[in-house]
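Chain residues, written in single-letter form:
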Amino acid sequence: MEDLFDKEWLLTNGLGSFSSGTVSGANTRRYHGLLTAALNPPTDRRVMVAKIEERIYVEGTYHDLSCNQYPDVVHPTGTKYLNNFDVAPFPTWHYGMNTWQLEKSISMVTDSNTTLIKYINKGKNPFVLELHPLYDDSDFHSTFHKNTYTDFYSEILGSHIKTYAHYGSKPIFTSWSVGEFFEARAWYRNIVLLKERERNLDFLCDYYRIGYLRHELKPNEEMILCFTLEEGHQKDMVDFWPTENKESNGSNEIQRQNFYKDLLRSGKQFLVRRTSTQTMSIIAGYPWFADWGRDTMIAMRGLTIATGNKLASKSILSTFFCSIDQGMIPNRFPDNSEDVVPYNAMDATLWLFIATYEYFTKFNDFAFIKRHMNVLKWILDCHIEGTRFNIHVTEEGFLYGGEKGQQLTWMDAKVNDSVITPRQGCPVEINALWYNALKIYEKFCKNFDIMFGSKYKEIITQFETNFSRMFTNSEGTLFDVIVPNGPKDDSFRPNQLFCLSLPFNILQTKQQKVIFETVRDMLFTPYGLRTLNQANPNYKGEYSGDPLQRDTAYHQGTVWPYLLYEYYHSFFKLYGANLKNKKKVVEELTSLKDHFYNHQGLHCISEIFDGDAPEKGKGCIQQAWSIAAVIQIYTEYNLFELDRPNTTV
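As a convention, each chain's residues are numbered from 1 in the sequence order in which they are written. Where local features are concerned, this predicted model is filtered to residues with pLDDT of at least 70; where side-chain atom pairs are given and counted, the filter is 80 or more; whole-chain, interface and lining totals use all residues. The side-chain quantities take in all heavy atoms of the structure and omit both hydrogens and water.

## Remarks on the overall build of the protein
So, point 1. Think of it this way: any DSSP run of H or I at least four residues long counts as a helix, any run of E at least two long counts as a strand, and we number them from the N terminus. If you tally the helices and strands in the protein, you get 19 helices and 34 strands.
So, point 2. We take the radius of gyration over the C-alpha atoms and set the globule estimate at 2.2 Å times the residue count to the 0.38 power. By the compact-globule yardstick of 26 Å for 649 residues, the protein fits well, its C-alpha radius of gyration being 26 Å.
So, point 3. Dimensions of the protein along its principal axes, counting C-alpha atoms only, are 85 × 55 × 50 Å.
So, point 4. For the protein, the residues scored as buried account for 63% of the 649 residues in total.
So, point 5. By definition, residues are in contact when any of their heavy atoms lie within 4.5 Å. Counting only contacts in the protein whose residues sit at least 6 apart along the sequence, the fraction spanning at least 24 positions is 65%.
So, point 6. Using a 1.4 Å probe, accessible areas were evaluated by the Shrake-Rupley method; residue-level cover was limited to the displayed protein chains. With the model as given, the accessible surface of the protein reaches about 24,600 Å², and the carbon-plus-sulfur share is 47%.
So, point 7. Positive charges come from Lys and Arg alone, negative charges from Asp and Glu alone, with His and the N- and C-terminal ends not counted. A single reference atom marks each charge: NZ on Lys, CZ on Arg, CG on Asp, CD on Glu. Each charge class in the protein was averaged separately, 67 positive and 77 negative side chains, and the resulting centres sit 4 Å apart. Relative accessibility decides the category of a residue: with a 1.4 Å probe and only protein chains considered, values under 20% of the type maximum give buried, values over 50% give exposed, and everything between is partly exposed.

The structure is reproduced here in structure tokens:
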């Protein structure tokens, strides 16, 4: 049972909405629910339907299939009837005993806030199926509790119900293909959300029942239940059910032979349409992230550019090109669409140059690049002249940034007013990105016969003259952050790896190999790279505890899978993409593949892992740039050819 509580499934709909839960049927997070709907896609998300309590009545006996953790007991214990679970192409449970067999599956309708649940009698005898939908009404970052504000006013109209959680709320429509509805209102109180308890957050919640459905299901008969915010959709629920056929029989061996295909399917979960711009974006991670600038730029390289999705790539870039302020793209779009968009990311805009360059390299879209040349120039000028958060160019050609109390790089953990890794000054990866932004603009200018200004040439010359000399430490690796004519941070972190992996290199090959081999020896794990070497006194080997404890460890040793692309791309650049090296990489990714299929989020790659014993996924169960990193390395180096059936690695 503990294992089934820990395994999670996820469905998305292209709007930022999602359906998620555990294989056990118990909700363990505040984010779990059959319908978490984005009211202003992909933001303003609310949990609308929490789950369904399911019962089978056969031969005079009830068999409860659902599962809940209460303070002192698990009730019911429906996992004892669970015979099998498949996650793809949509979550499917197989329950049964000798006298009855039931198949349950869940799907979401693309581009619609609609969740469908299908039940099929797979046995030889009829039985009565009883379904008790439990409703929620909370911002998806909150837990729901019994209150006088919500009354779930319902209009029961034949084979569907129109429900308002409270006065002025958006109605939700519940409908069913067969069966009879009985009104029976009740609160389900004090359900324990185990993952929230682990995170030292509010872990008790309540759900509300309006009534229940009852129907005698004959052999091979099906019953579909629909929850939707779209009026009229409840009439077409049968037509909305996806037609995709299952591509495996649940066998891990067969699944592993389709690892690349499953990665691509998993990667599509992050693509969303943003209402505010009428363009596409990328959700950084499920279940709690919105679309972040940095994450989107990095993730789209694997999710859409490497895989050849030109239309989506172009649309995503357009989303951020039209959202620039003072030469910076947003750090993130807030969860609440009415909140102010924050621009506190020093690197996100520089990643825009990388993503744009890789888009151009992949698709040769001269018109799109030329249309944005003035914007790219303006971004560079804003950084040179100085923009928010004291971001400016030093006389050495470096990019400097930071103010007290601000976290501007990807190592952005902050608790209250405490910045865990402030990195104020000239961070090494920021400057690798800055140099690449200048070189990318220079290359574009040559392509379009546009004059490349002398001030940019001068900065490049200054940078090339000073970088290696000022960033190189006594071991031949790089300082993590420097302040020209000031202190230098010699913390050994993976950030210097970007000096090897980005398109335009500043270092000699000999030094690149020294850096790579040191990163391999001190930071590499099969699940990603540690964010700090273990010998550092600030190293934290476990990501756990309350928010302060977790954020203290977030970038102080915690392992990040997304860095694997930079690591392996650097490896292939330095040592060659021959068959021997490709096999080595595929073999090293075996542990992450096992995680993808069998642990935490199923068909997912977690956001992070512990620095010590990095085996259990932590943070978000499904992180965009984690999936994207593996897709990109598999795609660019054709590693999927080594994952074919009968291939020995």
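Next, the rest of the story.
## Describing the layout of surface pockets
So, point 1. Cavity means a closed set of points on a 1 Å grid over the protein atoms alone, one where a 1.4 Å probe fits but cannot get out, pocket means an open set with protein on both sides within 12 Å along at least 5 of 7 lines, and lining means a residue has an atom within 4 Å of a point. Grid points are joined across faces, edges and corners, and a volume is the space filled by probe spheres set on the points. Computed from the structure, the largest pocket encloses a volume of approximately 1,200 Å³.
So, point 2. Every residue lining the largest pocket is counted, 46 residues in all, and those nearest its centre are W288, F289, Y543, D551 and Y554.
So, point 3. Among the secondary structure elements, those contributing two or more residues to the lining of the largest pocket are α2 (194–198), α6 (293–305), α15 (547–553) and β33 (617–618).
So, point 4. If one sorts the elements of the lining of the largest pocket by residue count, α15 sits on top with 3 residues.
So, point 5. In this count, Pro and Cys sit with the nonpolar residues alongside Ala, Val, Leu, Ile, Met, Phe, Trp and Tyr, while Asp, Glu, Lys and Arg are called charged and the others, Gly among them, polar. The residue inventory of the lining of the largest pocket, partitioned by class, reads 18 nonpolar, 12 polar and 16 charged.
So, point 6. Space inside the second largest pocket adds up to approximately 800 Å³.
So, point 7. Looking at the lining of the second largest pocket, the elements with two or more residues in it are β1 (8–12), β10 (100–108), α5 (259–267) and β19 (271–274).
So, point 8. The element contributing the most residues to the lining of the second largest pocket is α5, with 5 residues.

## Overview of the sheet that holds strand β14 (residues 160–164)
Within a sheet, neighbouring strands are paired by backbone hydrogen bonds and run either parallel or antiparallel to one another.
So, point 1. Whether two strands pair depends on DSSP finding at least two bridges between them. The 8 strands lie next to each other as β8-β9-β10-β11-β18-β15-β14-β13, forming an open sheet whose pairing is antiparallel. Across the chains shown, the open sheet's two edge strands, defined by having one partner strand only, are β8 (82–86) and β13 (153–157). Strand-to-strand twist across the sheet, computed as the mean angle between neighbouring axes with direction ignored, equals 15 degrees.
So, point 2. Sheet topology note: the strand β9 (residues 92–97)/β10 ladder contains 6 bridges and is antiparallel. Residue pairing in the sheet places H94 in a bridge with E103 of β10. Note on definitions: angles span 0 to 180 degrees between N-to-C directions of axes, and those axes are lines fitted to C-alpha atoms, for helices only across the stretch in contact.

## Regarding the pattern of salt bridges
So, point 1. Should a side-chain nitrogen of Lys or Arg be within 4 Å of a carboxyl oxygen of Asp or Glu, the pair is scored as a salt bridge. This model, assessed by the stated rule, comprises 35 salt bridges.
So, point 2. Between D3 and K7 there is a salt bridge, with its nearest N and O atoms 2.7 Å apart.
So, point 3. Classification of D3 as partly exposed rests on a relative accessible area of 45%.
So, point 4. Taking the relative accessible area as the measure of exposure, K7 reaches 16% and is therefore buried.
So, point 5. A salt bridge links R45 to D335, with the shortest nitrogen-to-oxygen separation between them at 3.9 Å. With R45 in strand β4 (residues 43–58) and D335 in the loop between α7 (310–321) and α8 (348–363), this residue pair connects regions lying 290 residues apart in the sequence.
So, point 6. Of the residues examined, R45 reaches a relative accessible area of 1% and is grouped as buried.

## A closer look at the confidence of the model for the protein
So, point 1. For the protein, per-residue confidence averages 94 on the pLDDT scale, and 96% of positions sit at 70 or higher.
So, point 2. A low-confidence stretch, residues 245–256 stays under pLDDT 50, and its non-local contacts, those more than four residues away or across chains, total 23 contacts. One confidence number per residue, pLDDT, is output by the predictor and ranges from 0 to 100.

## Side note on empty space enclosed by the protein
So, point 1. For the structure shown, the criterion picks out 6 cavities of 30 Å³ or more.
So, point 2. Approximately 160 Å³ is the volume found for the largest cavity.
So, point 3. The wall of the largest cavity is formed by 21 residues, among which W9, G25, L34, K51 and K104 lie closest to the centre.
So, point 4. For the lining of the largest cavity, the secondary-structure elements that each account for two or more residues are β2 (18–22), β3 (33–40), β4, β9 and β10.
So, point 5. Broken down by element, the lining of the largest cavity gets its largest block of residues, 4 residues, from β4.

## Description of the sheet that holds strand β26 (residues 426–427)
So, point 1. Taken in spatial order, the 3 strands line up as β26-β27-β28 in an open sheet, and their pairing is antiparallel. Bordering the open sheet on either side are β26 and β28 (488–489), each of which pairs with just one other strand.

## So, the state of the cysteines
So, point 1. Disulfides are defined as pairs of cysteine sulfur atoms found within 2.5 Å of each other. What the rule picks out here adds up to 0 disulfides.
So, point 2. C322 takes part in no disulfide bond, and the closest cysteine sulfur to it belongs to C382, at a distance of 16 Å.
So, point 3. C604 carries a free sulfur, and the closest cysteine sulfur to it, the one in C620, is 10 Å from it.
So, point 4. A residue is classified by how much of its surface remains accessible, and C604, at 1% relative accessible area, is buried.

## Quick look at the environment of D206
So, point 1. Topologically, D206 is positioned in strand β17 (residues 204–217).
So, point 2. Residues D206 and D489 lie 283 residues apart in sequence; the distance between their C-alpha atoms is 49 Å.
So, point 3. If sequence neighbours within four positions are ignored, D206 has contacts with F144, H145, K146, W187, Y188, R189 and N190.
So, point 4. Here K146 takes part through its backbone nitrogen, which lies 2.8 Å from a polar atom of the side chain of D206.
So, point 5. Pairs of N or O atoms are called polar contacts if they sit within 3.5 Å, as long as, within protein, a hydrogen donor faces a hydrogen acceptor (for residues adjacent in sequence, only side-chain-to-side-chain pairs). Engagement of the side chain of D206 in a polar contact is seen with the side chain of R189, the distance being 3.1 Å.

## As for the packing of α6 against α7
So, point 1. Look at α6 against α7: their axes get within 10 Å of each other, and the N-to-C directions meet at 170 degrees. Viewed along their axes, α6 and α7 adopt a mutual orientation that is roughly antiparallel. Contact residues: α6 offers G293, T296, M297, M300, T304 and I305, while α7 offers A312, S313, I316, L317 and F320.
So, point 2. Classifying every residue of the contact of α6 with α7 gives 7 nonpolar, 4 polar and no charged. Oblique is the label for any angle not under 35 degrees, not over 145, and not in the 65 to 115 range, which are roughly parallel, roughly antiparallel and roughly perpendicular in turn.

## Brief notes about helix α16 (residues 563–575)
So, point 1. Given the number of residues in a helix, its expected span is that number minus one, multiplied by 1.5 Å. Taking 1.5 Å of rise per residue, the 13 residues of α16 would be expected to cover 18 Å, and the 18 Å separating its terminal C-alpha atoms lies within 8% of that figure.
So, point 2. The element α16 is largely enclosed, with a buried count of 11 among its 13 residues.
So, point 3. Every buried residue of α16 is listed here: L563, L564, Y565, E566, Y567, Y568, H569, S570, F571, F572 and L574.
So, point 4. Looking one or two residues past α16, G576 carries a phi angle of roughly 95 degrees, positive in sign.

## Overview of unusual backbone geometry
So, point 1. For the peptide bond that leads from A88 to P89, omega is 5 degrees, which places it in the cis range.
So, point 2. Looking at the element boundaries, P89 is found in the loop between β8 and β9.
So, point 3. For the bond from Y286 to P287, the omega torsion is 15 degrees, close enough to zero to count as cis.
So, point 4. Relative to the helices and strands, P287 resides in the loop between β21 (285–286) and α6.
So, point 5. The backbone phi angle of N190 is positive, close to 55 degrees, even though this residue is not glycine.

## Notes on the packing of α6 against helix α19 (residues 624–636)
So, point 1. The geometry of α6 relative to α19 is characterised by a closest axis approach of 7 Å and an angle of 30 degrees between their N-to-C directions. Judged by the inter-axis angle, α6 sits roughly parallel to α19. As for how α6 packs across α19, the hand of that crossing is left-handed. Contacts from R294, D295, I298, A299, R301, G302 and L303 of α6 reach α19 at A624, W625, I627, A628, I631 and Q632. A clockwise turn of the near helix away from the far one marks a right-handed crossing, whereas an anticlockwise turn of less than a right angle marks a left-handed crossing.

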